[in-house]
Amino acid sequence: MEKKKIAVVSLRDCRRPFYETRRHIAEEETEKLLRVLGECYEIYAPDVVFDINEALAAADEIRRRLITQVVIHIPIWVTPNLALRIAAATPYPVVVFGNTRKDSSSTVALMATAGMLSQTGKECIRVIGDIEDATVRSQVTDLLDAVAVVDGLKRSSYGMVGGRSIGIGTTVADPTQWQKLYGVEFDHCDQYEIVWRAQQMEPARVEKHLKWVKEHFTIEYGQRFDEQRLELQVRSYLALKDIASQRCYDFMGVKCQPDMSDHFVLQCLGVSLLNNNVDADGPKLPVPTSCECDCDGALTMRVLSLCAGLQPSCLVDIRYFDGKEKEFILANCGSMASYFADPKNPENALRETHLLPHVFGEAGGGATQIVARAGKVTCARFIRKDGKYILACFEGETYEKDREELRKTNYCYPTQFIRADIDYDRFFETMNANHLHTVYGSYKEVLRHFCEIAGIEYICYNR
């Protein structure tokens, strides 16, 4: 996974003779900061900044490199106004980082520097402590990662394939509102594009992907699911893959029901493969894709994927939850990536994905049955209340049950069992959607910073 690029700029005291008496402290703290952050990021660290011209030069280079995540380092007493030029290099909040060494004067310099930035209206996150401490490090990285998510979303394009599905009003969105709040490009493509492309697909390419699916998935034909329909599902996937590539879609929504599910073929396999990080062509970047053309769902999936370094995210229905048991059962008709069956082993993840006859869809096709692997997850959803966006989230843990447990809901559906200590009453009263979205990892603090930068309300249900 490619490391995100950040800038770390260490300021110094413009009184150079006085600085020399404390050089050893500054160099020790700078080396430690760069070493620890270098484990997570690709760092641009210019020469230390002593005066305004050096600050301007560093800021210009940050812009030239298109870096938006910036740490201003205050290792000792520094000249505070140097920070103003560095902070102006990014449109987003910056981290002002210092230490608590009694011999450094970092605290007093940090207060002066952050106070000056705040006076000018420049948002900054103040972090002070030892960067080798996990809690302190998270305070720095959560803000940096949130900036990366905001900037990544701003560079994203969404493709709406079809339109509102089976009357679910919470799946539609206003393109202008997206462009205003998030900077996302919002495009539309008709589902006939899938049909036409699927029928025109090169036979050799279809055969390659069909063979790969047969060799890697566990397949059980029956009812309206046979080899002919599986081939049509593979053709649909390749059509969607080409649409995403040619139209520059970073994330998508596919209507499917009832047009495609009743008159062509179910789109579950195609959406699942788009969401996955491997196919017959080898490793690939996921294209977060929602079924039922859930626009806000796809937006949530894109944000979660950006949080997780472009790992797969998913869409699931809120099938069941219980505050006493502190349990969720999340299952949807078939769009979950195989990745969720075993994130650490792609081959096993594919084997653990069972293609089974679907429970609906007159045209037929297979559903992708998965029991998600145990692990820490972040669950989230963009919702709207009275036209205003809110990002609601919580962290929990998936746990595994026997596949037979799925017969209590829908046997052919991919399913997540989640334990979470949250305010279940508040969740029930405020979750304005039937879909929820998950990604492996803990990102509620990143999402909180994201909302602060984007200017939208944030709800965290964790107690």
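Definitions and limits used
Residues numbered from 1 in each chain as written. Predicted model: local features only at pLDDT ≥ 70, side-chain atom pairs only at ≥ 80, totals over all residues. Heavy atoms only, no water. Helix = DSSP H or I, 4+ residues; strand = E, 2+ residues; numbered from the N terminus. Rg over C-alpha atoms; globule rule 2.2 N^0.38 Å. Buried < 20%, exposed > 50% of the residue type's maximum accessible area, 1.4 Å probe, protein only. Contact = heavy atoms within 4.5 Å. Areas by Shrake-Rupley, 256 points an atom, 1.4 Å probe, with all protein chains shown as cover. Lys, Arg positive; Asp, Glu negative; His and termini not counted. Charge placed at Lys NZ, Arg CZ, Asp CG, Glu CD. Pairing = 2+ DSSP bridges. 1 Å grid on protein atoms, 1.4 Å probe; cavity = no way out; pocket = protein on both sides within 12 Å on 5 of 7 lines; lining within 4 Å. Points joined across faces, edges and corners; volume = space filled by probe spheres on them. Nonpolar A, V, L, I, M, F, W, Y, C, P; charged D, E, K, R; others polar.

Peer 1: Would you mind going over the overall build of the protein chain in detail, with residue names and values included?
Peer 2: When helices and strands are counted, the protein chain shows 16 helices and 21 strands. A compact globule built from 463 residues should have a C-alpha radius of gyration of about 23 Å, and the protein chain, at 25 Å, falls within 12% of that. Based on the C-alpha atoms only, the size of the protein chain along its principal axes is roughly 85 × 50 × 40 Å. A total of 463 residues make up the protein chain; the buried ones form 59% of that total. Taking the intrachain contacts of the protein chain between residues at least 6 apart in sequence as the baseline, contacts between residues at least 24 apart amount to 78%. Accessible surface, the protein chain as shown: approximately 19,100 Å² in total, 48% of it carbon and sulfur. For the protein chain, the distance from the average position of its 56 positive side-chain charges to the average position of its 65 negative side-chain charges is 3 Å.

Peer 1: Lay out the sheet that holds strand 16 (residues 366–369) with the relevant residues and their values.
Peer 2: Spatially, three strands are ordered 8-15-16 in an open sheet, and the strand pairing comes out mixed. Each having just a single partner strand, strand 8 (218–219) and strand 16 make up the two edges of the open sheet. By the bridge criterion, two bridges tie strand 8 to strand 15 (residues 354–357) in an arrangement that is parallel. Bridging from a neighbouring strand, Ile 219 pairs with Leu 355 of strand 15.

Peer 1: Explain empty space enclosed by the protein residue by residue, including any values.
Peer 2: Across all of its chains, the model carries three cavities of 30 Å³ or more by this definition. Its volume calculated, the largest cavity comes out at about 60 Å³. Residue composition of the lining of the largest cavity, by class: six nonpolar, three polar and two charged. If you add up the space inside the second largest cavity, you get close to 50 Å³. If you go around the second largest cavity, the residues you meet are Asn 276, Asn 277, Val 278, Ser 338, Tyr 339, Asp 342, Pro 343, Pro 346, Ala 349 and Leu 350. Here the element with the most residues in the lining of the second largest cavity is helix 14 (residues 346–351); it accounts for three residues. Classifying every residue of the lining of the second largest cavity by side-chain character gives six nonpolar, three polar and one charged.

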